[in-house]
Amino acid sequence: MAIKIIMLVIFFGVMIGVGVYCRKHATDVNGFVLGGRNVGPWLTAFAYGTSYFSAVIFIGYAGQFGWKFGLASTWIGLGNAFIGSLLAWNVLGRRTRTMSQHLESKTMPEFFGVRFDSKMLKILASLIVFVFLIPYTASLYNGLSRLFGMAFHLDYTVCIVVMAVLTGIYVIAGGYMATAINDFIQGCIMIIGIIAVIASVLKSNGGFMQAIDALARVEDAQATSTPGAFASFFGPDPFGLLCVVILTSLGTWGLPQMVQKFYAIKDDAAIKRGSIISTIFAIVVAGGSYFLGGFGRIYSTTDPADTTKNFVSTSAAGKLQYDTIIPAMMTEALPELLFGILIVLVLSASMSTLSSLVLTSSSTMTIDMIKPYKKDMTDKQQILVIRVFIVLFLALSVILAMNKNAYISTLMSISWGALAGAFLAPFLWGLFSKKISRTAVGVCFVWGVGVTVLPVSYTHLRAHETLMNL
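Source: prediction; values computed, not measured.

**Section: empty space enclosed by the protein**
It is a probe the size of a water molecule, rolled over the atoms, that shows where empty space is left. Evaluated as defined, the whole model comprises two cavities of 30 Å³ or more. What the largest cavity holds in volume is close to 70 Å³. As for the largest cavity, its lining consists of Val33, Tyr176, Thr179, Asp183, Gln257, Gln260, Lys261, Ser356, Leu359 and Thr360. Every element with two or more residues in the lining of the largest cavity is listed here: helix 8 (156–204), helix 11 (256–264) and helix 15 (336–370). Taken together, the residues that form the lining of the largest cavity break down as three nonpolar, five polar and two charged. By volume, the second largest cavity is sized at about 60 Å³.

Below is the structure:
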């Protein structure tokens, strides 16, 4: 316990120290939101990667898809690396940087407003960003709090409040540069941590080949009738696996907190170097997380009679509690020192993504919603309003996260689906084509959000009716 506490104190001290140090870069709006558009390849690449991969990936998706696809879930991480990182950097990076500077836009909604000459599109995009980044943030608290509860026996509420406060301190103090430098530090911790955790898990099973052999012996008649499917190259459901790879890789192309990294990078040479750095980071972190999740069935079971493994319970609706798989696996496989490193790893992943989300959302609301109606706002006034929105955003996300029974993957899918569905096509075509109309963009916004929200709302309504009838 002492080692864990010391690690956390050092970690929190460094994060807050970086925030205080970066106050000098946050004296105007351009510096606070984009770091003066002069951020190098290493900081940008790590900021991109740590915003992409968080506790949602490590705890939620790795547990869920590792259970469903076995070792083949590693393809998801590799797809994220080569499609979500390498291809995204090469297709979007240079063009986004050039267009955002030419249009003098600091946020994605501002890009839409100027590019298509429409205040309504800018306002609508701002509302979508603010509303749908909140469930994304809540999912970060959810994953982290499960591990903190196991390690320190702290109440769920205490965990999410502490995380929100600490993230708020360094983002409010140092803005984008504070998040970028902290993202680099947190990214290094994630790389070291994931390698150490994988090595420990494999060692606890007698090595790589022994772990593969144990996974090949796992049987689940409901999932597949093929022997050894969970240790195979493409797993029990290749088509389902392909769909997940595409969705989790291409979806990031339309997420404002990801695309905004290209607004801040300093030149084309930095984009070339950053694309390689970001890809390698994704291979290690994302590929490693899903690879690790693939061994979840060795440690867990849905059979309550099997006392040799952790029992994966179901919710009232009969769904497996996937979010419990990785934490239970880590508790069993890791020694105390490595479990402390794991805590810092997940904390790093969560806080880096959280800082990016709150800065993106608060700057969007200020620049795209408030400033157009108060044109005489000074830079100091804008920064003050951004900081107020950071506090508001964190408070709303904490309130939503209080529902600790919400699945991480469900919260994540709502956010990703709405944001990527609304923004991906308009942003991509807006960068490369002059033939897109503002009407088409507006329809895409409504359609993308509607396709995500309506099915979820209908499902919850039917579930509520069912419970009421019971």
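**Remarks on the packing of helix 4 (residues 55–69) against helix 12 (residues 268–293)**
Contact pair helix 4 / helix 12: the axes reach a minimum separation of 7 Å and the direction vectors enclose 50 degrees. Taken together, the axes of helix 4 and helix 12 lie oblique to each other. Every pair of crossing elements has a handedness; the one defined by helix 4 and helix 12 is right-handed. Contact residues: helix 4 offers Ile57, Phe58, Tyr61, Ala62, Phe65, Gly66 and Trp67, while helix 12 offers Ser289, Tyr290, Leu292 and Gly293. Here the residues of the contact of helix 4 with helix 12 sort into eight nonpolar, three polar and no charged.

**Here's the deal with the nonpolar core**
Phe58, Phe295, Met330 and Phe423 are the most contacted members of the largest nonpolar core, which totals 139 residues. For this core, the element with the most residues is helix 15, which contributes 17 residues. Sequence-distant contacts of phenylalanine 58, that is, excluding residues within four places in its chain, are made with Gly63, Ile194, Ser289, Leu292, Ile326, Met330, Leu342, Leu345 and Val346. One finds Trp67, Val312, Leu320 and Tyr322 within the second-largest nonpolar core, a separate group that totals five residues.

**What to know about the environment of methionine 377**
Structurally, methionine 377 can be placed in the loop between helix 15 and helix 16 (379–401). Of the residues examined, methionine 377 reaches a relative accessible area of 8% and is grouped as buried. Every residue in contact with methionine 377, bar those within four places of it in the chain, is listed here: Ile370, Lys371, Gln382 and Val385.

**Brief notes about a nonpolar patch on the surface**
A contiguous nonpolar patch, built from Val161, Val165, Ile169 and Met402 and spanning about 300 Å² of accessible area, is present on the exposed surface. Inspection of the secondary structure assignment puts methionine 402 in the loop between helix 16 and helix 17 (408–432).

**Details of the packing of aromatic side chains**
For the structure on display, the rule yields 25 aromatic pairs. Judged by centre distance (5.2 Å) and plane angle (70 degrees), the rings of tyrosine 61 and phenylalanine 65 are edge-to-face. Of the two residues, tyrosine 61 and phenylalanine 65 are both situated in helix 4; the distance of four residues between them amounts to about one turn of the helix. Here the two residues tyrosine 61 and phenylalanine 65 agree in accessibility, since each one is buried. Ring geometry for phenylalanine 112 and phenylalanine 423: centres 5.6 Å apart, planes at 35 degrees, overall tilted. Of this pair, phenylalanine 112 sits in helix 6 (residues 108–115) while phenylalanine 423 sits in helix 17, and the two are 311 residues apart along the sequence. Here phenylalanine 112 and phenylalanine 423 have matching classes, each one buried. One Lys or Arg, arginine 297, reaches over the ring of tryptophan 67 and ends 4.2 Å from the middle of that ring.

**A short note on the side chain of serine 355**
Relative to the assigned elements, serine 355 resides in helix 15. A relative accessible area of 0% places serine 355 in the buried class.

**Some remarks on the pattern of salt bridges**
Going through the model one piece at a time under the given rule, you end up with three salt bridges. One network of salt bridges, in which partners are shared, links Arg94, Arg97 and Asp268.

**Some remarks on the environment of aspartate 368**
Locating aspartate 368 in the fold gives a position in helix 15. Residue class for aspartate 368 comes out buried when judged on its relative accessible area of 0%. In this structure the C-alpha to C-alpha distance between aspartate 368 and proline 109, which are 259 residues apart in sequence, comes to 6.7 Å. With residues up to four places along the chain from it excluded, the contact list for aspartate 368 reads Thr107, Pro109, Glu110, Lys122, Ile123, Ser126 and Ser363. A distance of 2.6 Å separates polar atoms of two side chains, one belonging to aspartate 368 and the other to threonine 107.

**Re the layout of surface pockets**
Of the pockets and cavities examined, the second largest pocket occupies roughly 270 Å³. The wall of the second largest pocket is formed by 16 residues, among which Glu110, Lys122, Ile367, Lys371 and Pro372 lie closest to the centre. Put simply, the parts of the chain that give the lining of the second largest pocket at least two residues each are helix 2 (29–34), helix 6, helix 7 (119–152) and helix 16. Ranked by residue count, the leading element in the lining of the second largest pocket is helix 6, at three residues. Its residues assigned to classes, the lining of the second largest pocket shows four nonpolar, four polar and eight charged.

**Quick look at the environment of alanine 231**
If you trace the backbone, alanine 231 turns up in the loop between helix 9 (208–216) and helix 10 (238–250). Taking the C-alpha atoms as reference, alanine 231 lies 5.0 Å from alanine 216; in sequence the two are 15 residues apart. Apart from residues no more than four positions distant in its own chain, alanine 231 is found in contact with Leu71, Ile212, Leu215 and Ala216.

**Quick notes on unusual backbone geometry**
Leave glycine aside and you will find that most residues have negative phi; peptide bonds, for their part, are mostly trans. Unlike most non-glycine residues, glutamate 104 shows phi in positive territory, near 55 degrees. Relative to the assigned elements, glutamate 104 resides in the loop between helix 5 (74–103) and helix 6. At aspartate 117, a position not held by glycine, the phi torsion is positive, near 50 degrees. When you line up the elements, aspartate 117 lands in the loop between helix 6 and helix 7. On the basis of relative accessible area, aspartate 117 is assigned to the exposed category, the value being 58%.

Reading the values: rules and limits
Residues numbered from 1 in each chain as written. Predicted model: local features only at pLDDT ≥ 70, side-chain atom pairs only at ≥ 80, totals over all residues. Heavy atoms only, no water. 1 Å grid on protein atoms, 1.4 Å probe; cavity = no way out; pocket = protein on both sides within 12 Å on 5 of 7 lines; lining within 4 Å. Points joined across faces, edges and corners; volume = space filled by probe spheres on them. Helix = DSSP H or I, 4+ residues; strand = E, 2+ residues; numbered from the N terminus. Nonpolar A, V, L, I, M, F, W, Y, C, P; charged D, E, K, R; others polar. Axes fitted to C-alpha atoms, helices over the stretch in contact; angles between N-to-C directions. Parallel < 35°, antiparallel > 145°, perpendicular 65-115°, else oblique. Left-handed = near helix turned anticlockwise from the far one by under 90°. Contact = heavy atoms within 4.5 Å. Core = buried A, V, L, I, M, F, W, Y, C linked by side-chain atoms within 4.5 Å. Buried < 20%, exposed > 50% of the residue type's maximum accessible area, 1.4 Å probe, protein only. Patch = residues over 30% accessible without salt bridge, like charges linked within 9 Å, V, L, I, M, F, W, Y side chains within 5 Å. Areas by Shrake-Rupley, 256 points an atom, 1.4 Å probe, with all protein chains shown as cover. Salt bridge = Lys/Arg side-chain N within 4 Å of Asp/Glu carboxyl O. Phe/Tyr/Trp six-rings, centres within 6.5 Å; stacked < 30°, edge-to-face > 60°. Lys NZ or Arg CZ within 6 Å of the ring centre and 35° of its normal. Polar contact = N/O pair within 3.5 Å; in protein donor to acceptor, adjacent residues only side chain to side chain.

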